[in-house]
Amino acid sequence: MSVLVLADHGLGALSPATARVVGAVSTLGPVDILVVAENPAAIAQSASALAGVAKVLTAKGSSLADGLEALLETLTVRYRYVASSAGSLGKDVMPRLAAKLDLMPVTDVIAIHGPNSFDRPIYAGNAVQTVTDNQPRHILTIRASAFRPAATGNAAPIEALDGTVVSAASLIATHRTESDTPDLATAQIVVGGGVALGSAENFQLIESLAKKLGAAIGATRAAVDAGYAPNDWQVGQTGKIIAPDLYIAIGISGALQHLAGIQGAKKIVAINTDAEAPLVKLADMALIGDLFEIIPQLLAELDKAGLKR
Amino acid sequence: MKILVAIKRVVDHNVRIRVRPDGTGVETSGVRMSMNPFCKHAVEAAVQLSEAGHGDEVVVVSIGPRTANDVILTALAMGAHRGILIETDAELETLAISKLLAKVVAEENPDIVLLGKQAVDDDSNHVGQMLAALTSRPQATFASEIKVVGQALEVVREVDSGRETLSLPLPAIVTADLRLNTPRNAALPMVMKARSKPLAVRPAAEFGIDLVPRLKIEKISPPPERMAGKTVATVADLAAFIAADVSDMEAL
Ligand SMILES: Cc1cc2nc3c(=O)[nH]c(=O)nc-3n(C[C@@H](O)[C@H](O)[C@H](O)COP(=O)(O)OP(=O)(O)OC[C@H]3O[C@@H](n4cnc5c(N)ncnc54)[C@H](O)[C@@H]3O)c2cc1C
Ligand SMILES: Cc1cc2nc3c(=O)[nH]c(=O)nc-3n(C[C@H](O)[C@H](O)[C@H](O)COP(=O)(O)OP(=O)(O)OC[C@H]3O[C@@H](n4cnc5c(N)ncnc54)[C@H](O)[C@@H]3O)c2cc1C
C-alpha cells in the first residue's frame, strides 16, 4: 500500500507544500518522494528529513509534463498511490499520468476518509463532493493548505535514478516574481489587496502591512489584471487557494470566485468602505472606512500594541 | 493549419449554486447556462490565430446534451468555422471526455488543440492534460500568451512562482487561462451567420468508448457555514484584534 509523492520545489529548495502532502498521505502507507530537478541534491536532503518518508528518489531533468509522465509511468507499477500537491506542477502532470494509465484521477483532495474515500471541492468551493475510488491505483492531487505538515527529523535514504527526464517541450524562459514574503499557499497570515488600491505603487501599502505581520501577499484577479500585483499572488478559484490562520482582505469586495480561495481561512478581517460588501458580511471582524487612511494608522497602532513577529 | 477547440456548457459563473437537500448534486434546473469562461478564451485565441493567418480552419467540439448547441453557436458567431456536438445526456468523467476528444483529434488531425484550463462547474482542470497523454502530444497548460514561431508554439504559462515560457513542437495541446485575451462579443450579423455554418451532431455511442464512470460520487454537501462577524469602530480596536490573534497563533 505504498505511496509515491512527486516533490514540488522552486529555486533549489523543497516547497512547503510537499511537507503537507506527505502529512496528508502518510496515513495511506509508507511514502517515497520523487525529486526531479536539474540539481536535486539539496531538495532531496530536505525531503529525506520528513517524517513518514521511507526513501527519496532523485532524477535529473526539467519538470515538464510529458517527460514526467514517462518517468512516473515506469515508477508507478511499484505503488498503490501517486500523489502531489494541487499546485501548478501537480495540476499539469497528474491528470496526464492518470490518462496514460487509463485511470481517473482524484484531484484537489481536502480530506482523506480512508484508503479509497476522498473529499474534493466543486463549484468554486460552494459544494463538497465525497468520492469512492475503487480503481486498482489512485492518482491524487492534494490541496496542501487543508493538511498539516509532516514533522521533520527523519533521515530517509536517497537513491538516484538512472537517466535524465526528457521532454518534447522545452523551457525557454522563466519570469519569477521576486519577493521575500512567505509562500502564499501555506502562509499562516495573508494580507490581500483588491483593485481599490488603484496602482502598483499604492499596492505597496499592502506589502508594508504584510511585512510588519510576516505575512504573505494575496491579490484579487481584478488587481492582477490591472497590473497592480503579479499573477502568482492571485487568490481564488483560478488562483491560489489559501488557508491561513488570519486573512486580512483590504479593498476586496468578495466575489464568489475570490471567496473560493479563502474558505479555509480561520479568521478573516475586512477593511472596506462598503458595509454591504460580501466580504464584510463574511468577515470575523471588519472596519468600515478608507484603506488609504486606515493602513498607515494600522501600521502605527500595531507598533503601539507591541506586535512582535 | 487546423485548430480544434473543446468547449463546455456550464452553469453561468454569475449564478450562486445550491446543493440539493438530498445530497445528490447541485440544482441546475432553471439555472442560467453559458459557455465556460475559460473555453471562451480558448475560442478567442483560436480565432485570433486564424485571423493572423495561422489557422485555415477553426473547429469547435462540445460534448453534452442537445442544448450544448447554444455554446457551439456562440463559438461559431465568434468566428469558428465548423462545429461538432457529441451528444450525450450522461454525466461523463474527464477521462471519458478526453477519450472522446482523442477520437475527434484522430479524425480531424488538428495542429493545435485549445481547451479551457478548467471548467467552472466541476473545477477539475484535467481534460487538456489527459488529452495530451492520450494523443502523445506536448502540452502547455494555463496559457496567458500564445505565439506561432515556425513549426513551434511559444506559450507563456502562469505558474505558482510567476510565469514561464515553453516552446512546443507542433502538433500540441494548450489550455487557456483568463489573461490570455479578451473574448469578443459577437455582433448580430455574426450571430445570424453562425446559424448557416456546418454543425454535425453525433451520438457519443458512435465512438465506441466505454463511458462508465470510474469514481463513485457518494454525496455532495454544502461547505461549512461561516458565522457572520462583527464590526470594530476604530483602527486601534482593529489593531488590538489583529495583535491578539497573532499572539494566539501557534508558532509554525
Ligand atoms: C456519476 C457522476 C456524477 C457527476 N455529477 C456532477 C454534478 O452533479 N455536477 C457537475 O458539474 N459535474 C458532475 N459530474 C462531473 C462531470 O460531468 C464533469 O463535468 C466532467 O468530468 C468534466 O469535468 P470538468 O468540466 O471540470 O473538466 P476540466 O478538466 O475542468 O475541463 C477543462 C476543459 O476541457 C474541455 N471540456 C471539458 N468538458 C468538456 C465537454 N463536455 N465538451 C467539450 N469540452 C470539454 C473544455 O475545454 C474545458 O475548459 C459527474 C460525473 C459523474 C461520473
Ligand atoms: C471565471 C472567473 C474566474 C475568476 N477567478 C478569480 C480568482 O481566482 N480570484 C479573484 O480574486 N477573482 C476572480 N475572478 C474575478 C471576480 O469575479 C471579481 O471580479 C474580483 O474578485 C473582484 O476583485 P476586487 O474585489 O479587487 O474588485 P471589486 O469587486 O471592484 O471590489 C473592490 C472593493 O473595494 C472597496 N473599496 C473601494 N475603495 C476603497 C477604499 N478606498 N478603501 C477601502 N475599500 C475600498 C469597494 O467597496 C469594493 O468592495 C474570476 C472571475 C471569473 C469570471
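Think of each chain on its own: its residues are numbered from 1, step by step along the sequence as written. Starting at A for chains and at 1 for ligands, labels are handed out in the order in which the entities are written. Only residues with pLDDT of 70 or above have their local features reported here, since the model is predicted, and side-chain atom pairs are shown and tallied only from 80 upward, although totals for entire chains, interfaces and linings are computed over all residues. As a rule here, side-chain values come from all non-hydrogen atoms in the structure, and water together with hydrogens is ignored.

Asks: Give me a nonpolar patch on the surface: which residues, what numbers.
Replies: Residues and elements named next belong to chain B. The patches described consist of residues with a relative accessible area above 30% and no salt bridge, like charges being joined within 9 Å and nonpolar side chains (Val, Leu, Ile, Met, Phe, Trp, Tyr) within 5 Å. To be clear on the numbers: accessible area is Shrake-Rupley with a 1.4 Å probe, and residue cover counts the displayed protein chains and nothing else. Salt bridge criterion: a side-chain nitrogen from Lys or Arg within 4 Å of a carboxyl oxygen from Asp or Glu. Together, Leu-188, Val-191 and Met-192 give the surface a local cluster of nonpolar side chains, amounting to about 300 Å² of exposed area. For Val-191, the location among the structural elements is in helix H5 (residues 188-194). The buried label applies to any residue whose accessible area, calculated with a 1.4 Å probe on protein chains only, is under 20% of its type's maximum; exposed applies above 50%, and partly exposed to all values in between. A relative accessible area of 32% means that Val-191 is categorised as partly exposed. Each helix corresponds to a stretch of at least 4 residues labelled H or I by DSSP, and each strand to a stretch of at least 2 residues labelled E; elements are numbered beginning at the N terminus.

Asks: Run through the environment of Asp-8 of chain A, naming residues and quoting values.
Replies: Checked against the element boundaries, Asp-8 of chain A lands in the loop between strand S1 (3-6) and strand S2 (9-10). We call two residues contacting when some pair of their heavy atoms lies within 4.5 Å. Dropping the residues within four chain positions of it, Asp-8 of chain A is found in contact with Ala-13, Leu-14, Ser-15, Thr-18, Ser-85 and Leu-89 of chain A.

Asks: Got a sec to walk through the packing of helix H9 (residues 291-304) of chain A against helix H6 (residues 235-248) of chain B? Specific residues and values, please.
Replies: In this analysis, axes come from line fits to C-alpha atoms, helices being fitted only over the stretch in contact, and the angle between any two N-to-C directions falls in the range 0 to 180 degrees. At a minimum axis distance of 9 Å, the contact between H9 of chain A and H6 of chain B shows a crossing angle of 55°. When the interaxial angle is binned, H9 of chain A and H6 of chain B end up oblique. Our pair here, H9 of chain A against H6 of chain B, has a crossing hand that is right-handed. Every residue of H6 of chain B that contacts H9 of chain A at Ile-294, Gln-297, Leu-298, Glu-301 and Leu-302 of chain A is listed here: Val-235, Ala-236, Leu-238, Ala-239, Ile-242 and Ala-243 of chain B. Residue polarity follows a fixed list, in which Ala, Val, Leu, Ile, Met, Phe, Trp, Tyr, Cys and Pro are nonpolar, Asp, Glu, Lys and Arg are charged, and the others, Gly among them, are polar. Classifying every residue of the contact of H9 of chain A with H6 of chain B by side-chain character gives nine nonpolar, one polar and one charged. Just so you know how the angles are binned, under 35 degrees is roughly parallel, over 145 roughly antiparallel, 65 to 115 roughly perpendicular, and the rest oblique. Crossing handedness: left-handed means the near helix sits turned counterclockwise from the far one by under a right angle, and right-handed means the same turn made clockwise.

Asks: Outline helix H2 (residues 69-78) of chain B, listing residues and values.
Replies: Counting buried positions along H2 of chain B gives seven out of 10 residues, so the element sits mostly inside the fold. Every buried residue of H2 of chain B is accounted for by Asn-69, Val-71, Ile-72, Ala-75, Leu-76, Ala-77 and Met-78 of chain B.

Asks: Break down the site of ligand 2 for me, citing the residues and quoting the values.
Replies: For ligand 2, the set of nearby residues contains 30 residues, the closest of which are Val-195, Thr-220, Val-235, Ser-253 and Asn-272 of chain A. The rule for a residue being near a molecule or strand is that one of its heavy atoms must lie within 4 Å of it. The site occupied by ligand 2 is bordered by residues of chains A and B. In this structure, Gln-234 of chain A approaches ligand 2 through a side-chain N or O atom, which is 3.1 Å from an oxygen atom. N or O atoms closer than or at 3.5 Å make up a polar contact, with two conditions inside protein: a donor-capable atom paired with an acceptor-capable one, and, for residues adjacent in sequence, both atoms drawn from side chains. A distance of 2.8 Å separates a nitrogen atom of ligand 2 from a polar side-chain atom of Thr-238 of chain A. Against a free-state accessible area of 990 Å², the protein chains account for coverage of 80% of ligand 2. Elements with a minimum of two residues in the shell around ligand 2: helix H6 (221-225), helix H7 (256-259) and H9 of chain A. A breakdown of the residues in the shell around ligand 2 according to their chemical character gives 12 nonpolar, 15 polar and three charged.

Asks: Describe in detail the site of ligand 1, supporting the description with residues and values.
Replies: Taken together, 27 residues are adjacent to ligand 1, and Ala-6, Lys-8, Ile-63, Ala-119 and His-126 of chain B come closest. In this structure, ligand 1 sits where chains A and B come together, each supplying nearby residues. Within the contact set of ligand 1, an oxygen atom lies 3.1 Å away from a side-chain nitrogen or oxygen of Asn-36 of chain B. For ligand 1, an oxygen atom lies 2.9 Å from a polar atom in the side chain of Ser-124 of chain B. Notes on ligand 1: free accessible area 960 Å², of which the protein chains cover 90%. Every element with two or more residues in the shell around ligand 1 is listed here: strand S4 (57-64), helix H3 (94-108) and strand S6 (112-116) of chain B. Considered class by class, the residues forming the shell around ligand 1 number 13 nonpolar, eight polar and six charged.

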